There are 2 protein chains.
Amino acid sequence: MVASEAADTRRPSMPSPSEQLPDLDPGQQAALGEVGRRWGDGIDDPRSWHEALPVDPALDAYPSAVAPSRFGRFVPVAVAVEEADESDEAEETDESERLPTGMGTVRHRVRRALLGHPLRSSAIAHERMRKLIALPVLSADALSSVAYGPEAMLAILVLAGTAGLRNALPIAGAIAVLMLAVGVSYRQTIRAYPNGGGSYIVASGNLGRIPGLFAAAGLLVDYVLTVAVSVSAGVAALTSAVPSLAGSAVPIGLGVIAVLLAGNLRGVRQAGAMFAAPTYAFILAVALLIGFGLADAARHSFHAAAPPHLSVPQSAGVLLILRAFASGATAMTGVEAISDAVPTFHKAEWRNARTTLTIMISLLIVMFVGTVVVLHLSGVVPSGGQTALSQLARRLYGPGLLYGFTQAATAGILLLAANTAFNDFPRVLFYLARDRQAPRMFLRMGDRLAFSNGIVVLAVAAAALYAAFGGKTDPLIPLFAVGVFLAFTLSQAGMVVLWWRERGDRWRRSLACNAVGTVMSGAVFLTAGATKFLEGAWVAVIAVLVFVGLALGIRRYYDRLAAAVELSPDQDQTPQQIRHLSVVPLSVLDRAAMRALAYAASLGQPVLVLHVSPTEEEAERFRDYWRLWGAHLPLEVVVSPYRTTVTPLVGSLESLATRHRGLTLTVIIPEIVVRHWWQALLHDRIASRLRRMLRHLPSVVITSVPFHP
Amino acid sequence: MVASEAADTRRPSMPSPSEQLPDLDPGQQAALGEVGRRWGDGIDDPRSWHEALPVDPALDAYPSAVAPSRFGRFVPVAVAVEEADESDEAEETDESERLPTGMGTVRHRVRRALLGHPLRSSAIAHERMRKLIALPVLSADALSSVAYGPEAMLAILVLAGTAGLRNALPIAGAIAVLMLAVGVSYRQTIRAYPNGGGSYIVASGNLGRIPGLFAAAGLLVDYVLTVAVSVSAGVAALTSAVPSLAGSAVPIGLGVIAVLLAGNLRGVRQAGAMFAAPTYAFILAVALLIGFGLADAARHSFHAAAPPHLSVPQSAGVLLILRAFASGATAMTGVEAISDAVPTFHKAEWRNARTTLTIMISLLIVMFVGTVVVLHLSGVVPSGGQTALSQLARRLYGPGLLYGFTQAATAGILLLAANTAFNDFPRVLFYLARDRQAPRMFLRMGDRLAFSNGIVVLAVAAAALYAAFGGKTDPLIPLFAVGVFLAFTLSQAGMVVLWWRERGDRWRRSLACNAVGTVMSGAVFLTAGATKFLEGAWVAVIAVLVFVGLALGIRRYYDRLAAAVELSPDQDQTPQQIRHLSVVPLSVLDRAAMRALAYAASLGQPVLVLHVSPTEEEAERFRDYWRLWGAHLPLEVVVSPYRTTVTPLVGSLESLATRHRGLTLTVIIPEIVVRHWWQALLHDRIASRLRRMLRHLPSVVITSVPFHP
């Protein structure tokens, strides 16, 4: 198991739409050849099939080769691509609009209006990013945590009043050490996984399937929380500046999630420049806060300002300090983004990626510790109405332009951080689906090259969580650290195993780095899980467990399915072995019935016609009509005294199928196709009920002969 | 039009399940023969089809001849029949339980638990009723109106205080005359329609299709109101006796409707004895009330007791009197039941039916007038909390056993009246559906020989109306008279036309009777519509108009459909003319695909295999596998840069179908059938999406080759 999963690391890690056709292993290839050989056996002239074709198979194919453009999977998409494709797409759009019924067309138009025209697969390309662009693109998630991490930490400490707040700086120091350790640890991952090494890939490749699933579960929970927390913190930045909006925080946040959903379904990917601006703006805003804060503190000779009078419900014990530590550690979410995205760097990729990671971690440490220090010196403590950063900025700048800039930059980076999750969550699901541990639908890229299904799942889950917690950041924090540090721990542990197994160049140093990372992440994971369990971490723990259980069940289902559809030359019939009987169930003798009869007779196989009568009198009438027609085909009339039509038909067919095992029954059903959905109310819909019940019979083939009135 | 509809009167009027196979007119029969002749043309040995059959077509047929039992359509059903059928049904039940998926089985079990085992068609038989049984069975609806008619009338008059109430007796006299006229009029209908002459049949047969629809609409509205009003009046009889239940009138009423729904779906028909008891009890209760009331009044020398002090919001003008008249006339609902049910009488049917009608009308007049007189003499006026009958009974008897008997008998007959509507409403819909003016689903008898669809529609409509009016009787009354008298008027007018057209024995007298009935009913219809329009009659008027519009639309749809499916030997292909091409869309090469390929090849028709690739690379991989298999069949790979699989397939097939008009395309889709609904979430469901889109293409036949993993 471990060995075969490890092979995944050598696969190109980027999602591709080709994954829907699975590779055939050598055994299956041999079986395929054997199946084909047996087919050939009975046929005199194997080319006869090809010559018999009454049409030219040169169908309207799409232009087959499309050159990759400079617009890529992770990159500015492609107003230009859209416009260039306009003419092609217009054709396809027209075609698909002509086909469906009224409802379908409306749905199609709404879809196009919301999402735009479909994009070609070739639009997936990998733009190589300069470090100056890569840094803001990949670090938005991590750096944005500074907006809520320090505050989450202080919110715990303040419960013990001034005595509690005195621990802020030591805890911040400990978190800085943790950041350093995790950063160094991820530098090793980047070297080992030049194709990108997310936690799921590293953990499942080195530790095995189940640890991999736990890592994936941690990541997925983490992304859901990233969206919920980023949106709630972003809305808090807004309502701090404009308090009159505080009452509508939940609707605003849900609106933001809806916009993120629509934007990501449209495939509006994070353009480099679009990301660069708010990230750098936030870095600048925090730098200014720290600078002004320190200057202000210098005027008071760095004596910490007295915090406001506090009620002190708890004492500053070890438990409180651990809880504060776990809350502050949420500032580390998003650190693994760079190790995921190594291939998007310029050459030499891993070296550039490492440099970028180093810069990011340094920035993160400086910004986090700096923020805590300045908050401490200025005596700001979290309070209900306003975020701590907002209080600090207002205290330092007053309510002017600089204050507005700080709040806007904070809201901006948080929005982008949430958007990052919309890219990462579906990608993890894609990897899971590729390993048959998530539904196949997550393999499918939508019209717009986005993994639409995963995006929708994330938006729904995040919106539900956000609404359930009333749009508040604080109560969400306890759920957060569990998932993040579970993924970190398993990923680092996987690296330890990798280094030990390979024992290559400088393996001892790398192993040591990752071992330290593992131990520290693991400690935080256990701390967070234990101290915050009742505060909400249990939700995350249950989500992780449920997810792992589901994934195992799905894998089992797909494995059984794969075994069932595996080619086995002995079990299936060749065309020469198939013996046919066509059965035509008829209720009346009209044109639709005649068409089905003619179709059945023209196949040149034996035909049996079945009619179900509610009464003997009706049966006699039907037989009369049948004789009038000429009784060209064998007819069997079943009198069903219970007036059900479908059950006796299915019963007769089932008994036929049971008594004649070798026979392939083709049930040829005349079906009147209505143009509008409401017209279906005026029909019996026996055809669709029959089809639904017959599907469960073995060796019964179901043929619909549609009639369009 | 009129002539062809008139033929309906000669049809056996009782609903039968055979109606689902329409009679072929001579033109269609000729076409059928011609279609058959052309089929025979190209075939050397016309018996070859019959000899080729690889199976014995002696299928497990149901026992074909079942003798009608003494249990009938309108009669005690058949615990005995159920038990006798137990063994047969057990078989069928087993069979149908084995077939469907988990959900299906649960639904099936719930259905059986609620509704019981299916009943044979032969359970429809016509019990001949003695007059003594027929009277209570058929007059429950009419006589029960005495429970609310007088009160509805007084409730209007009391608005003008004592001056208004003084008009009670003259108005009651006028209504008695009206009852007499309508009764005499219906005696003519009974003679002319020995097979049963409901308003719809008489009006559409003699006046034409649109008047028939208006009569049917009036009847249907009437039945919905009968249920709503009877239930609300019955609940009022209950809450008058037990005032503490008054607050939960609406839930109680809805519960009663639900019980009626379930009972009627079960097909628990009105057993004669079951009906006889409450009807005779109610007749007795009213007789006692009148007797005691008159005796009481005799002690006061028949001076009317002073009514309580009244506020007098309105004056006793003509309008008020007309409104009171229209309200009181609701006591006539249900009078037409006997003329509907002539064939259920002993011979000579029409004579017995007429006698019964005469007795019923006499009873109705006596009970109605007697009740009004006694109410008048005792000075009881309608008041909010209690029904007038309850007040009267309490005043005469005190709160003892006789009072309880009166209330129970009232509630009982009202319940039975509502139940009558559950029999009549679906029957009118059946006639409408037989004339293609209502959806075909109303032709279908359920497992239990009940017209389940019509029963459900009635229950839903009545429950909605009942709830919308807060379970109160008074505001429903203005809606009532319109529908009833519309149907009466059109039915009587139809009789006038019939007599004039036939001019048989004693036609002048009959025509005169019906003419008087027409004029009087019409006058009441106009009075009720005009004076009560704003009070609620507009609801009934709109319902009638909407219904007629819908029925006309449905008839137009069915007429177009019938023209489209009409046999026309020149338009359709004989088996010899059909040219085939089978197309197999494949996404992977597994056992399901191989089975579809083998099936396609074994049909002996040209085959083309289609594969849609999202990328050129995947296309190449597929072609490799194809060659490995031996490339026995022609393959066409379509590269779809937009990753959609279904749209390009449908596009290719559509262009094939368009370019080769004579060709019949059979699309053979391999389809993996899942066992449980949730497993469908783990599959792509391309097959069903493909089928849905392909249905709309002409000359494309869709074949599913199911694979059960």
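This is a predicted model, so every value here is computed, not measured.

S.K.: Honestly, the overall build of chain A in this entry has me stumped. Any pointers?
M.R.: On a plain count of helices and strands, chain A comes out with 26 helices and five strands. Residues counted as buried form 60% of the 709 residues belonging to chain A. Summing over all exposed atoms, chain A offers an accessible surface of approximately 26,900 Å²; the carbon and sulfur share of this is 63%.

S.K.: Would you explain the packing of helix α20 (residues 477–502) of chain B against helix α22 (residues 533–565) of chain B in this entry?
M.R.: The geometry of a pair of packed helices is captured by two quantities: the angle between their axes and the separation between those axes. Residue and element names in this part refer to chain B. At a closest axis distance of 6 Å, the pairing of α20 and α22 adopts a crossing angle of 40°. When the axes of α20 and α22 are compared, the pair comes out oblique. Considering the relative orientation of α20 and α22, their crossing is right-handed. Of α22, the residues touching α20 (which contributes Pro478, Leu479, Val482 and Leu486) are Glu535, Gly536, Ala537, Val539, Ala540, Val541 and Val544.

S.K.: What is the right way to look at the environment of Val584 of chain B in this model?
M.R.: Residues and elements named next belong to chain B. Looking at the secondary structure, you find Val584 in strand β1 (residues 579–586). Among the residues examined, Val584 registers a relative accessible area of 0% and is labelled buried. Spatially, the C-alpha atom of Val584 lies 12 Å from that of Val650, the residues being 66 residues apart in sequence. Dropping the residues within four chain positions of it, Val584 is found in contact with Ala596, Leu597, Ala600, Val607, Leu608, Val609, Leu610 and Ile668.

S.K.: Mind showing me how you'd approach unusual backbone geometry here?
M.R.: The general pattern is negative phi for most residues beyond glycine and trans for most peptide bonds. All names here are of chain A. In this structure, Arg503 takes a positive phi of about 45° despite not being glycine. Of note, Arg503 is situated in the loop between α20 (477–502) and α21 (507–531). Arg503 sits in the partly exposed class, given a relative accessible area of 43%. At Ala631, a position not held by glycine, the phi torsion is positive, near 50°. Residue placement: Ala631 occurs in the loop between α24 (616–629) and β3 (635–639).

S.K.: Honestly, the sheet that holds strand β5 (residues 700–707) of chain B in this entry has me stumped. Any pointers?
M.R.: Sheet strands pair by backbone hydrogen bonding; their relative direction is either parallel or antiparallel. Reading across the sheet, the 10 strands line up as β3(A)-β2(A)-β1(A)-β4(A)-β5(A)-β5(B)-β4(B)-β1(B)-β2(B)-β3(B) and stay open at both edges, with mixed pairing between neighbours. Bordering the open sheet on either side are β3 of chain A together with β3 (635–639) of chain B, each of which pairs with just one other strand. Averaged over all pairs of adjacent strands, the angle between their axes in this sheet comes to 25°, without regard to strand direction. Bridge analysis of strand β2 (residues 607–613) of chain A against β3 of chain A gives five bridges, and the strand direction is parallel.

S.K.: So what exactly am I meant to see when it comes to the pairing of β3 of chain A here?
M.R.: Counting buried positions over the five residues of β3 of chain A gives four, a clear majority of the element. The parallel pair β2 of chain A and β3 of chain A is bridged by α24 of chain A, and the resulting crossover is right-handed.

S.K.: Can you walk me through the pattern of salt bridges in this structure?
M.R.: It is possible for side chains bearing opposite charge to pair when their charged atoms get close. Residues and elements named next belong to chain A. The tally for this structure, following the rule as stated, stands at 25 salt bridges over all chains. The partner of Glu617 in a salt bridge is Arg621, with the nearest N and O atoms 3.3 Å apart. Taken together, the residues span about one helical turn, with Glu617 and Arg621 both in helix α24 at a distance of four residues. When salt bridges with common partners are traced through the structure, they connect Glu616, Glu620, Arg623, Asp624 and Arg627 into a single cluster.

S.K.: Explain the packing of helix α12 (residues 249–265) of chain B against helix α18 (residues 401–434) of chain B here, please?
M.R.: All names here are of chain B. In contact at an axis separation of 10 Å, α12 and α18 are set at 45° when each is read in the N-to-C sense. Considering their axes alone, α12 and α18 lie oblique with respect to each other. Taken as a pair, α12 and α18 cross one another with a handedness that is right-handed. Between α12 and α18, the contacting residues are Val256, Leu260, Leu261 and Asn264 on the first element and Leu415, Ala418, Asn419, Phe422 and Asn423 on the second.

S.K.: Whenever I open this one, the packing of aromatic side chains confuses me. Can you help?
M.R.: Given two aromatic rings, one states the distance between the centres and the angle between the planes to describe the pair. Residue and element names in this part refer to chain A. One pass over the full model with this rule turns up 20 aromatic pairs over all chains. Each ring, one from Phe622 and one from Trp626, has its centre 6.2 Å from the other, and the planes form 20°; the classification is stacked. On the criterion of helical spacing, the pair formed by Phe622 and Trp626 is a turn pair, its members being four residues apart in helix α24. Grouping aromatic residues by their ring pairs yields a cluster made of Tyr186, Phe485 and Phe488.

S.K.: How should I be thinking about a nonpolar patch on the surface in this particular structure?
M.R.: Residue and element names in this part refer to chain A. Taken together, the side chains of Phe533, Leu534, Trp538, Ile542, Val546 and Leu550 define a hydrophobic patch exposed on the protein surface, amounting to about 630 Å² of accessible area. Summarising the element assignment, Leu550 is placed in helix α22 (residues 533–565). Residue class for Leu550 comes out exposed when judged on its relative accessible area of 54%.

S.K.: Looking at this model, I keep getting lost on the environment of Leu138 of chain B. Mind explaining?
M.R.: Residues and elements named next belong to chain B. Positionally, Leu138 belongs in helix α6 (residues 131–144). Its relative accessible area of 10% is what places Leu138 among the buried residues. Beyond its immediate stretch of four places on either side in the chain, Leu138 contacts Met129, Gly334, Ala337, Ile338, Ala341, Phe345 and Met360.

S.K.: Hey, could you run me through the side chain of Ser232 of chain B in this one?
M.R.: Residues and elements named next belong to chain B. Along the chain, Ser232 turns up in helix α11 (residues 209–241). Overall, Ser232 belongs to the buried group, its relative accessible area being 2%. At 2.9 Å, the side chain of Ser232 forms a polar contact with the side chain of Thr473. Apart from residues no more than four positions distant in its own chain, Ser232 is found in contact with Tyr466, Gly471, Lys472, Thr473 and Leu476.

S.K.: How should I be thinking about helix α18 (residues 401–434) of chain A in this particular structure?
M.R.: All names here are of chain A. With 34 residues, α18 extends 50 Å from end C-alpha to end C-alpha; this agrees with the ideal 50 Å at 1.5 Å per step. Across the 34 residues that make up α18, a large majority, 26, are buried. In the segment just after α18, Arg436 is the residue with positive phi, at about 60°.

S.K.: Got a minute to help me understand the confidence of the model for chain A in this structure?
M.R.: For any part of a model where pLDDT is low, the fine detail of the predicted coordinates should not be relied upon. For chain A, the mean per-residue pLDDT works out to 80, and 81% of the residues sit at or above 70. Across the whole predicted complex the pTM is 0.75, and at the interface the ipTM reaches 0.77.

Reading the values: the criteria
Each residue is numbered by its place in its chain's sequence as written, counting from 1. Labels follow written order: the first chain is A, the first ligand is 1, and so on. Only residues with pLDDT of at least 70 are given local features in this predicted model, and only at 80 or more are side-chain atom pairs given and counted; all residues enter the totals for whole chains, interfaces and linings. To obtain the side-chain values, all non-hydrogen atoms of the structure were included, while hydrogens and water were left out. Numbering of helices and strands starts at the N terminus; helices are DSSP runs of H or I of at least 4 residues and strands are runs of E of at least 2. Exposure is judged per residue with a 1.4 Å probe applied to protein chains only, and the accessible area is read against the type maximum: over 50% gives exposed, under 20% gives buried, and values in between give partly exposed. Note on areas: Shrake-Rupley, 1.4 Å probe, and residue coverage restricted to the protein chains presented here. Orientation is described by lines fitted to C-alpha atoms, with helices fitted over the stretch in contact, and by angles between N-to-C directions that extend from 0 to 180 degrees. Should an angle lie under 35 degrees it is considered roughly parallel, over 145 roughly antiparallel, and from 65 to 115 roughly perpendicular; all remaining angles are considered oblique. Helix crossings get a hand from a simple test, with the near helix turned counterclockwise from the far one by less than a right angle marking a left-handed crossing and a clockwise turn marking a right-handed one. By definition, residues are in contact when any of their heavy atoms lie within 4.5 Å. When DSSP finds at least two bridges between two strands, those strands are taken to pair. Look down the strands so they point away from you; if the path from the first strand over the helix to the second goes clockwise, the crossover is right-handed. Every case where a carboxyl oxygen of Asp or Glu lies within 4 Å of a side-chain nitrogen of Lys or Arg is listed as a salt bridge. A pair of aromatic rings is counted whenever rings of Phe, Tyr or Trp (Trp by its six-membered ring) have centres within 6.5 Å, and the orientation is called stacked for planes under 30 degrees apart, edge-to-face for over 60 and tilted otherwise. Only residues whose relative accessible area exceeds 30% and that take part in no salt bridge are eligible for patches, with like-charged residues grouped when within 9 Å of each other and nonpolar side chains (Val, Leu, Ile, Met, Phe, Trp, Tyr) grouped when within 5 Å. Polar contact criterion, stated in full: a pair of N or O atoms within 3.5 Å, where within protein one must be able to donate a hydrogen and the other to accept it, and residues adjacent in sequence count only if both atoms are side-chain atoms. Residue count minus one, scaled by 1.5 Å, sets the expected span of a helix. On a range of 0 to 100, pLDDT expresses the predictor's confidence in each residue.

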